[in-house]
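Notes for the structure review
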Amino acid sequence: MGKIFTKSMARNIFHGSSAFFILLFLVLTFDTSIALPERDHRENITEQVAKGKTVWEINNCIGCHTLLGEGAYYAPELGNVYKRFGNNKEAIKGFIKSRSKNGMPGRRSMPQFNFTEEELDALAEFLKWTSEINTANWPPNIQG
Ligand code: HEC
């Protein structure tokens, strides 16, 4: 009456579920590789956006800020700063331009970088492009 769980049954379950999960892994990997190019809208990476990224890297903005969660937690998240500033590139440029040389006494603050207008434009373009990446609504609030 009682059925016995044989070695060959165990082997079948092992092989069957291994095959299932390997297949699932491959399908999801394929799905991600199809979905990502649409989400990061790479067709909109203009020369200015690329230059903005260079300025961003040379000046180590990520040493204080996060960009989509990556970076340092000293200063605000900037992945959505374009939206936070009312979809306004001039507001971003104005903020970066107006930092005081010696910081603000008694509080952490952002340094003055003395960027050229061209560098500011490029940075603002880069931050605009970043804010338009489809991150499935992350971060969940506009403060970042
Ligand atoms: C030494 C640390 C530091 C570095 C490096 C730094 N920042 Fe900041 N940043 C801050 C701090 C602190 C704030 C918070 C506001 C303040 O200064 O009053 C800030 C605020 C900002 C804001 C406004 C964010 C908001 O939500 O109000 C922008 C835009 C910004 N930084 C851009 C940049 C860019 C672009 C770079 C690189 C060129 C950069 N930051 C490098 C410290 C830094």
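Everything numeric here is computed off the predicted structure, so don't read it as measured data.

What follows covers the overall build of the protein. From N to C terminus, the protein includes five helices and two strands. Written out in order from the N terminus, the α and β elements of the protein read α-α-β-β-α-α-α. In the protein, buried positions account for 26% of the 144 residues. Of all intrachain contacts in the protein linking residues separated by at least 6 positions in sequence, the fraction that spans at least 24 positions is 56%.

Okay, the packing of aromatic side chains next. Taken as a whole and assessed by the stated rule, the structure comprises four aromatic pairs. Look at Phe20 and Phe21: their rings are 5.0 Å apart centre to centre, the planes differ by 80°, and that puts the pair in the edge-to-face class. A cation over an aromatic ring shows up here: Arg99 above the ring of Phe95, its NZ or CZ 3.7 Å from the ring centre. Across from the ring centre of Tyr74, 5.3 Å away, lies the NZ or CZ of Arg108, which sits over that ring.

Looking at the ligand, there are 22 residues lining it, with Cys61, Cys64, His65, Arg84 and Met110 nearest. Within the side chain of His65, a nitrogen or oxygen atom sits 2.8 Å from a nitrogen atom of the ligand. Between an oxygen atom of the ligand and a side-chain N or O atom of Arg107, the distance comes to 3.0 Å. Listing elements by their share of the shell around the ligand, those giving two or more residues are helix H3 (81-84) and helix H4 (89-97). Considered class by class, the residues forming the shell around the ligand number 15 nonpolar, four polar and three charged.

This brings us to the pattern of salt bridges. Pairs can form between side chains of opposite charge whenever their charged atoms are close. The final tally for this structure, using the stated rule, is eight salt bridges. Linking Arg42 and Asp40 is a salt bridge whose minimum nitrogen-to-oxygen distance equals 2.8 Å. A relative accessible area of 44% places Arg42 in the partly exposed class. Overlapping salt bridges, with partners in common, bring together Glu90, Lys93, Lys97, Glu117 and Asp121 in one network.

With that settled, the discussion passes to the domain arrangement of the protein. Per the domain assignment, the segments making up the protein are domain 1 (1-39) and domain 2 (43-144). Taking only C-alpha atoms into account, the centre of domain 1 sits 43 Å from that of domain 2.

What follows concerns a nonpolar patch on the surface. Together, Phe20, Phe21, Leu24 and Leu28 make up a nonpolar patch on the protein surface, roughly 410 Å² of accessible area in all. Take Leu24: it is sitting in helix H1 (residues 7-39).

For the rest of this paragraph, the subject is the coordination of the iron atom of the ligand. Distances from the iron atom of the ligand to its protein donors, His65 (NE2) and Met110 (SD), fall at 1.9 to 2.0 Å. Classification of the site at the iron atom of the ligand rests on its six donor atoms, whose angles at the metal span 86 to 179°, yielding the label octahedral. You can see His65 sitting in the loop between helix H2 (47-58) and strand E1 (66-67) and its partner Met110 sitting in the loop between H4 and helix H5 (117-131), a full 45 residues away along the chain. Across the pair, Met110 and His65 agree in class, each one buried.

In this structure, Lys51 sits in helix H2. Of the residues examined, Lys51 reaches a relative accessible area of 31% and is grouped as partly exposed. For the pair Lys51 and Gly103, spaced 52 residues apart in sequence, the C-alpha to C-alpha distance is 27 Å. If we ignore the near neighbours within four places in the chain, the residues touching Lys51 are Glu118, Glu119 and Ala122.

Cut-offs applied
- Residues numbered from 1 in each chain as written.
- Predicted model: local features only at pLDDT ≥ 70, side-chain atom pairs only at ≥ 80, totals over all residues.
- Heavy atoms only, no water.
- Helix = DSSP H or I, 4+ residues; strand = E, 2+ residues; numbered from the N terminus.
- Buried < 20%, exposed > 50% of the residue type's maximum accessible area, 1.4 Å probe, protein only.
- Contact = heavy atoms within 4.5 Å.
- Phe/Tyr/Trp six-rings, centres within 6.5 Å; stacked < 30°, edge-to-face > 60°.
- Lys NZ or Arg CZ within 6 Å of the ring centre and 35° of its normal.
- Near = heavy atom within 4 Å.
- Polar contact = N/O pair within 3.5 Å; in protein donor to acceptor, adjacent residues only side chain to side chain.
- Nonpolar A, V, L, I, M, F, W, Y, C, P; charged D, E, K, R; others polar.
- Salt bridge = Lys/Arg side-chain N within 4 Å of Asp/Glu carboxyl O.
- Domains from an automatic or database assignment.
- Patch = residues over 30% accessible without salt bridge, like charges linked within 9 Å, V, L, I, M, F, W, Y side chains within 5 Å.
- Areas by Shrake-Rupley, 256 points an atom, 1.4 Å probe, with all protein chains shown as cover.
- Donors = N, O, S within 2.8 Å, 3.2 Å for Na, K, Ca; no water.
- Tetrahedral: all angles 85-135°; square planar, octahedral: opposite > 155°, others 65-115°.

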